[in-house]
Amino acid sequence: MEYISTRGNAPVLDFEGATLAGLASDGGLYVPREWPRFSKDEIAALAGLPYAELAAKVMAPFVGESLSYERLLELTTAAYGRFSHAAVTPLKQLDEQQWLLELFHGPTLAFKDVALQLLGLLFEEFLGRESKNGGPQNLTIVGATSGDTGSAAIDAVAGRAKVDIFMLHPKGRVSDVQRRQMTTVLAPNVYNIAIEGSFDDAQAMVKRIFNDKAVTDRFNIGAVNSINWARLMAQVVYYFAAALQLGAPHREVAFSVPTGNFGDVFAGYVAAQMGLPIARLIVATNVNDILHRALSTGDYSAGTVTPTAAPSMDIQVSSNFERLLFDVGGRDGVALAEQMAGFEANKAMTLTNAQREGAAALFVSARADADEMAQAIRWGWEAAGELLDPHTAIGIHAARNAGIDASTPVVTLATAHPAKFPDAVERSTGHRPGLPERVGDLFEREERYAELPGDYDAVCAYVTQRATAKA
Ligand SMILES: Cc1ncc(COP(=O)(O)O)c(C=O)c1O
Ligand SMILES: N[C@@H](CCOP(=O)(O)O)C(=O)O
């Protein structure tokens, strides 16, 4: 499988190259040159497989010759062996139409573990190889988090040789549990940085570092955010897992996805391109609703980020939307590079008709304000006996209001464990969710992190003074 940049001006890479590169050198994102497609019979044959095997089968076409199927299966078995539920991503029924896909049974209690547990192993595998194409032998990971990617990535790479990780989070804008899950990991290759500003500021600095020649000449910069294709590839699998349980390929299923950086829901789009019968993808946002506006009116314009009780979705500039615009807009990298340059200059752009129509074929969107989110948490508890975290509740709000035909099951992705956001859950239900045993002592652990201004030069100096230079 070959990977090309959405901006059309970066080297074409194989899966190994795209995984290690993270962001493309022209500022674009890597996507497969074409979508692999499964026939109805091939999809039916996936039903009932253990998760690790399903994962290897779904991902094999994307991995191509970078790993043998047997090795890929070894890696998926190791990655998903660390989940606390035998089903890895269990599916629960809430009422006649609504279902919940629990993605928070990994080590850090959020859906990010599904991809990052595997990505940590892929880094180790590829960095351990003799340099094939003059590829890197060590990696300086620079990432941005609004709360969950940080801890999942740190858990996946802490203590690993050949990798340093620098994780930027917006100071004071992640929950205490989320912050501590990052800052109490004291492995010598882990550097947490709290910056002044929003997640968007942190993400912009990360992207800038990838294109800062003074840095990339000395360091192999790598990505754990969903700009890295391997992240999305691993997230495609649970759409198959859920839909197969609900009757795919013979029955359509809709998914409601709490959305920020558009990675999780884009993985659903990929599953649909591969042949999974997805009736609708519901993009659920909080009041940081750039995606809802873009999908409903074509106006993709970023305002300032409003802090909410669903902080991981407090995002305005949504990285993976570029992948969708590329695919539905005719895969014209030159035109998209121009469109994105306009967005980067003005923080606003209008979708083309082709992009709007292409997106509308599969996506609908909805937004939940603070009251609607709180009501959805309450509904989950009172009607279905489930404690929902605020992000998942936004997905449930959208799922229940999207007008999906009653005969089509709607699966909301439960993206985080409620105990990561105990205050919001308690306010709505009167019940305070407790942390699972595996992280029970989180509030007794020592924390370590740096605080920096929201200034690129300060962050860049911090990273380059500590990172391991190219081997
Ligand atoms: C709990 C939770 N829900 C939803 C999201 C949004 O996912 P995405 O950024 O892939 O759209 C995030 C962060 O990414 C998250 O941490
Ligand atoms: N919500 C995320 C933000 C980063 O998104 P990513 O999927 O691109 O890593 C977080 O919790 O950090």
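Residues numbered from 1 in each chain as written. Chains lettered and ligands numbered in written order. Predicted model: local features only at pLDDT ≥ 70, side-chain atom pairs only at ≥ 80, totals over all residues. Heavy atoms only, no water.

- Labelled according to an unreviewed UniProt entry, the protein chain appears under the name Threonine synthase, originating from Novosphingobium humi.
- Its UniProt record gives the protein chain the following Sequence similarities (unreviewed entry) comment, quoted word for word: "Belongs to the threonine synthase family."
- Looking at the Catalytic activity (unreviewed entry) heading of the UniProt record, one finds this comment for the protein chain: "O-phospho-L-homoserine + H2O = L-threonine + phosphate". (UniProt positions renumbered as here; feature names shortened; annotations may be inferred.)

## Comments concerning the site of ligand 2
Okay, so step 1: Taken together, 13 residues lie near ligand 2, and Thr145, Asp148, Thr149, Asn225 and Ser226 sit nearest.
Okay, so step 2: At 2.7 Å from an oxygen atom of ligand 2 is found a main-chain nitrogen or oxygen belonging to Asp148.
Okay, so step 3: Between an oxygen atom of ligand 2 and a side-chain N or O atom of Ser226, the distance comes to 2.5 Å.
Okay, so step 4: Protein coverage of the free-state accessible area of ligand 2, which is 340 Å², stands at 96%.
Okay, so step 5: Here ligand 2 is seated within the largest cavity.
Okay, so step 6: Within the shell around ligand 2, the residues separate by chemical class into two nonpolar, eight polar and three charged. (Near = heavy atom within 4 Å. Polar contact = N/O pair within 3.5 Å; in protein donor to acceptor, adjacent residues only side chain to side chain. Areas by Shrake-Rupley, 256 points an atom, 1.4 Å probe, with all protein chains shown as cover. 1 Å grid on protein atoms, 1.4 Å probe; cavity = no way out; pocket = protein on both sides within 12 Å on 5 of 7 lines; lining within 4 Å. Sits in = over half its atoms within 2 Å of the grid points. Nonpolar A, V, L, I, M, F, W, Y, C, P; charged D, E, K, R; others polar.)

## Describing the environment of Gly380
Okay, so step 1: Along the chain, Gly380 turns up in helix α16 (residues 370–384).
Okay, so step 2: Taking the C-alpha atoms as reference points, Gly380 and Thr429, separated by 49 residues in sequence, lie 9.2 Å from one another.
Okay, so step 3: The residues touching Gly380, leaving out its near neighbours within four places in the chain, are Gly385, Glu386 and Leu388. (Helix = DSSP H or I, 4+ residues; strand = E, 2+ residues; numbered from the N terminus. Contact = heavy atoms within 4.5 Å.)

## Side note on the site of ligand 1
Okay, so step 1: Residues in contact with ligand 1 amount to 15 residues; listed here are only the nearest, Lys112, Asp148, Gly260, Asn261 and Thr415.
Okay, so step 2: Interatomic distance of 2.5 Å between a side-chain N/O atom of Asp148 and an oxygen atom of ligand 1.
Okay, so step 3: Gly263 is positioned with one of its backbone polar atoms (N or O) 3.3 Å from an oxygen atom of ligand 1.
Okay, so step 4: Structurally, ligand 1 is housed in the largest cavity.
Okay, so step 5: Its residues assigned to classes, the shell around ligand 1 shows five nonpolar, seven polar and three charged.

## So, unusual backbone geometry
Okay, so step 1: In this chain, Ala248 is followed by Pro249 through a cis amide linkage whose omega measures 10°.
Okay, so step 2: A positive phi is found at Leu109, a non-glycine position, where the angle reads about 70°.
Okay, so step 3: Following the sequence through the fold, Leu109 ends up in the loop between β4 (98–102) and α5 (112–127).
Okay, so step 4: A relative accessible area of 3% means that Leu109 is categorised as buried.
Okay, so step 5: Residue Lys347 is not a glycine yet carries a positive backbone phi of 55°.
Okay, so step 6: Note on Lys347: relative accessible area 39%, which makes it partly exposed. (Buried < 20%, exposed > 50% of the residue type's maximum accessible area, 1.4 Å probe, protein only.)

## Points about the pairing of strand β10 (residues 278–285)
Okay, so step 1: The buried fraction of β10 amounts to seven of the eight residues, a majority that puts the element mostly inside the structure.
Okay, so step 2: Both strand β9 (residues 253–258) and β10 contribute to a ladder of five bridges, which runs parallel. Bridging across to β10, Val257 finds its partner in Val283.
Okay, so step 3: Relative to strand β13 (residues 363–367), β10 runs parallel, the two sharing five bridges. Across the sheet, the residue bridging to Val283 is Ser365, located in β13. (Pairing = 2+ DSSP bridges.)

## Observations concerning helix α10 (residues 229–245)
Okay, so step 1: Of all 17 residues in α10, 16 are buried, a share of seventy percent or more.
Okay, so step 2: A distance of 3.0 Å separates the backbone nitrogen of Ala230 from a side-chain oxygen at the start of α10, and that oxygen is part of Asn228.
Okay, so step 3: Positive phi shows up at Gly247, right after α10, with a value of about 115°.

## Side note on empty space enclosed by the protein
Okay, so step 1: Per the counting criterion, the structure on display carries two cavities of 30 Å³ or more.
Okay, so step 2: Taken as a whole, the largest cavity encloses approximately 280 Å³ of empty space.
Okay, so step 3: In this structure, the largest cavity is lined by 27 residues; those nearest its centre are Phe111, Lys112, Gly260, Asn261 and Ser312.
Okay, so step 4: The set of elements that each furnish at least two residues to the lining of the largest cavity consists of α6 (148–157), α10, β9 and α11 (263–273).
Okay, so step 5: If one sorts the elements of the lining of the largest cavity by residue count, α11 sits on top with three residues.
Okay, so step 6: Looking at the lining of the largest cavity, its residues break down into 10 nonpolar, 13 polar and four charged.
Okay, so step 7: If you add up the space inside the second largest cavity, you get close to 50 Å³. (Points joined across faces, edges and corners; volume = space filled by probe spheres on them.)

## A short note on the environment of Ala234
Okay, so step 1: Within the secondary structure, Ala234 is located in helix α10.
Okay, so step 2: A relative accessible area of 1% places Ala234 in the buried class.
Okay, so step 3: It is 15 Å that separates the C-alpha atoms of Ala234 and Arg71, two residues lying 163 residues apart in sequence.
Okay, so step 4: When near neighbours in sequence (up to four residues on either side) are disregarded, Ala234 contacts Tyr51, Met59, Tyr80, Val114, Ala115 and Leu118.

## A word on the confidence of the model for the protein chain
Okay, so step 1: This prediction gives the protein chain a mean pLDDT of 96; 99% of its residues lie at or above 70.
Okay, so step 2: Across the interfaces of the predicted complex, the ipTM metric reaches 0.99, alongside a pTM of 0.97. (pLDDT = per-residue confidence, 0-100.)

## Side note on the pattern of salt bridges
Okay, so step 1: In the structure shown here, the tally under the stated rule is 26 salt bridges.
Okay, so step 2: When the shortest N-O distance is used, the salt bridge between Glu344 and Arg7 registers 3.1 Å. Residue Glu344 is located in helix α14 (residues 333–346), and its partner Arg7 is located in the loop between β1 (3–5) and α1 (15–21); the two are separated by 337 residues in the primary sequence.
Okay, so step 3: Here Glu447 makes a salt bridge to Arg180, at a shortest N to O gap of 3.5 Å. Note that Glu447 is positioned in the loop between α18 (422–429) and β15 (450–452) and Arg180 in helix α7 (residues 176–183), a separation of 267 residues in sequence.
Okay, so step 4: Note on Glu447: relative accessible area 25%, which makes it partly exposed. (Salt bridge = Lys/Arg side-chain N within 4 Å of Asp/Glu carboxyl O.)

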